[in-house]
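Now for the letters of each chain:
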Amino acid sequence: MTETTAPYAAPEPPAPARRVRLRHLQELKERGEKWAMLTSYDTYTAAIFDDAGIPALLVGDSAGNNVYGHDSTLAITVDELIPLARAVSRSASRALVIADLPFGSYQASPEQALRTATRFMKEAGVHAVKLEGGVEIADHVDLLSRSGIPVMAHIGFTPQKEHALSGYRVQGRGQDRADELVQSARTLERAGAFAVVLEMVPGEVGAAVTQALTIPTVGIGAGNGCDAQVLVWQDMAGLRSGRLPRFVKQYADLHSTLHAAARAYAADVAAGTFPDREHTF
C-alpha cells in the first residue's frame, strides 16, 4: 500500500497586531484587570516593550533626565521631545503611545495646550498626550478632548511643579488633602480625561481615587489599588544606578551588564584580539 502525503500547505500568516485603543484600557478597568505602562524614548525599547505586550508607552518629559542628562524634567523642550515621540510611535505597532507636554508648553491657556498637543499628534504620530495638574487644567482637558485629542491627566506629585511643592514630597496626606485629590480627579474625568496618573500618594488615597472614578488610574508610588502601574524603563531595568525612589522595583541589572560588556570590548581592542578573522572581510 502506497502511503500518500498531504500537499504542502504554507503556514497561515500571523494575524496583524491590534492597536490598543482607549476603549480597551477602559474595558480592562471594568473587568478588574490590571495593566502596565512603561516609558520609552527610542525605537529599540519601543519595539521590545511593544512585543512584550506592554499596552501603553509613555514618551515622558522624564527624557529630560534619562536622555538629555538634565537634573529635572523642567528643561526639556517640545522640539527635543517630538523626535523621541516620533521614534516610539513609528516602532510600536500595538501599544497606545502617549506623550507628555513639556513644562511651559500648555500652562498659559487651553489654546496653548491645543497648539502643543496638535504638534505632537501631527508631527510625532502619538495617540494621546499627558498633562500635569488638577482643577486648574480642567479647561485644557476639556478643549483637547472636544478637539479629538485624548488626554491622560496627572495629579498627586507633579514633577513640573517640584519647586512649588518644595521638592519630591508625598502628596495627599491627611483627609483634607486626600479629599482634594479625589475631587481633582473627578473634575478631570468630567472634563474628558481618559485616565489619571497618581504619583507619590499614600496607597489608601490611590485606592480611594481609583474607586471614585470610572476611568482608569495609573499609579507610580500610589500603591496597588490603582488600575495600572507605570515606571521609567531605565529604573525598571536597572540601567540607572544610585539611589532610587522607594516605589521602584528593578527587574534586571542592565547597568552591570553594559558596564561589563564595555570593559570586555575595550580589553579585546587593547589586546588586539578584536577584530579577529571572523569579524574581518
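Residues numbered from 1 in each chain as written. Predicted model: local features only at pLDDT ≥ 70, side-chain atom pairs only at ≥ 80, totals over all residues. Heavy atoms only, no water.

Concerning the nonpolar core
In this structure, Leu 57, Val 59, Phe 120, Val 129, Leu 131, Leu 144 and Leu 198 are the most contacted members of the largest nonpolar core, which totals 58 residues. Dropping the residues within four chain positions of it, Leu 198 is found in contact with Ile 155, Gly 206, Val 209, Thr 217, Val 218, Gly 219, Ile 220, Ala 222 and Cys 226. Core analysis: the next-biggest nonpolar cluster, separate from the first, contains 18 residues, Met 37, Ile 98, Ile 220 and Val 230 among them. (Core = buried A, V, L, I, M, F, W, Y, C linked by side-chain atoms within 4.5 Å. Buried < 20%, exposed > 50% of the residue type's maximum accessible area, 1.4 Å probe, protein only. Contact = heavy atoms within 4.5 Å.)

Focus on the pattern of salt bridges
Two side chains of opposite charge can pair, provided their charged atoms sit close to one another. Within this structure, the stated rule accounts for 10 salt bridges. Among the ionic pairs, Glu 27 bridges to Arg 23, the shortest N-O distance being 3.7 Å. With Glu 27 and Arg 23 both in helix α1 (residues 22-31) and four residues apart, this pair spans about one turn of that helix. Residue Glu 27 is classed as partly exposed on the basis of its relative accessible area of 29%. With its nearest N and O atoms 2.9 Å apart, the salt bridge here joins Asp 142 to Arg 146. With a gap of four residues between them, Asp 142 and Arg 146 both fall in helix α6 (residues 138-146), about one helical turn apart. It is possible to trace a salt-bridge network through shared partners that takes in Asp 79, Arg 119 and Glu 123. (Salt bridge = Lys/Arg side-chain N within 4 Å of Asp/Glu carboxyl O. Helix = DSSP H or I, 4+ residues; strand = E, 2+ residues; numbered from the N terminus.)

With respect to the pairing of strand β7 (residues 217-220)
Taking every second residue as pointing to the same face, both faces of β7 are buried, with Thr 217 and Gly 219 on one and Val 218 and Ile 220 on the other. Relative to β7, strand β6 (residues 195-199) runs parallel, the two sharing four bridges. Across the sheet, Val 196 pairs through a bridge with Thr 217, a residue of β7. Where the polypeptide runs from β6 across helix α8 (residues 203-212) and back to β7, its parallel neighbour, the crossover connection is right-handed. (Pairing = 2+ DSSP bridges. Right-handed = clockwise from strand over helix to strand, strands pointing away.)

Quick notes on the UniProt feature "binding site: 3-methyl-2-oxobutanoate" (unreviewed entry) in the chain
The sites that UniProt annotates as "binding site: 3-methyl-2-oxobutanoate" (unreviewed entry) are Asp 61, Ser 62, Asp 100 and Lys 130. Across 70 residues in sequence, these annotated residues keep their C-alpha atoms within 12.4 Å of one another, forming a single compact spot. From the list above, the largest pocket is lined by Asp 61, Ser 62, Asp 100 and Lys 130. Along the chain, Asp 61 falls in the loop between β2 (56-59) and α3 (63-66). Those residues in contact with Asp 61, other than ones at most four positions away along the chain, are Thr 73, Ile 76, Leu 81, Asp 100, Glu 132 and Gln 160. Beyond its immediate sequence surroundings of up to four residues, Asp 100 is in contact with Leu 58, Val 59, Gly 60, Asp 61, Leu 81, Phe 120 and Lys 130. (UniProt positions renumbered as here; feature names shortened; annotations may be inferred. 1 Å grid on protein atoms, 1.4 Å probe; cavity = no way out; pocket = protein on both sides within 12 Å on 5 of 7 lines; lining within 4 Å.)

Quick notes on the sheet that holds strand β5 (residues 151-156)
Within the closed barrel, the eight strands sit side by side as β1-β2-β3-β4-β5-β6-β7-β8. Their pairing is parallel. On average, adjacent strands in this sheet sit at an angle of 25° to one another, irrespective of strand direction. Sheet strands touched by helix α4 (residues 78-91): β2 and β3 (96-100). Its angle to β2, the strand with the most contacts, is close to 160°. (Axes fitted to C-alpha atoms, helices over the stretch in contact; angles between N-to-C directions.)

Considerations on the UniProt feature "binding site: Mg(2+)" (unreviewed entry) in the chain
Under the UniProt annotation, "binding site: Mg(2+)" (unreviewed entry) lies at Asp 61, Asp 100 and Glu 132. These annotated residues cover 72 residues of sequence, and their C-alpha atoms lie no more than 10.9 Å from one another, placing them together at a single site. Considering only the residues just annotated, the largest pocket is lined by Asp 61, Asp 100 and Glu 132. Within the element layout of this structure, Asp 100 appears in strand β3.

Let's talk about helix α2 (residues 43-51)
Along α2, the residues classified as buried are Thr 45, Ala 46, Phe 49 and Asp 50. Looking straight down α2, one finds that the buried residues subtend no more than 130° of arc, so they occupy a single side. Looking at α2, the residues exposed on the side facing more than 90 degrees away from the buried face are Tyr 44, Ile 48 and Asp 51. Those residues of α2 hidden inside the fold are in contact with β1 (35-39), β2, α4 and α9 (233-236). The N-terminus of α2 is capped by Asp 42, whose side-chain oxygen sits 3.0 Å from the backbone nitrogen of Tyr 44. In the segment just after α2, Gly 53 is the residue with positive phi, at about 95°. (Arc of directions from axis to C-beta. Polar contact = N/O pair within 3.5 Å; in protein donor to acceptor, adjacent residues only side chain to side chain.)

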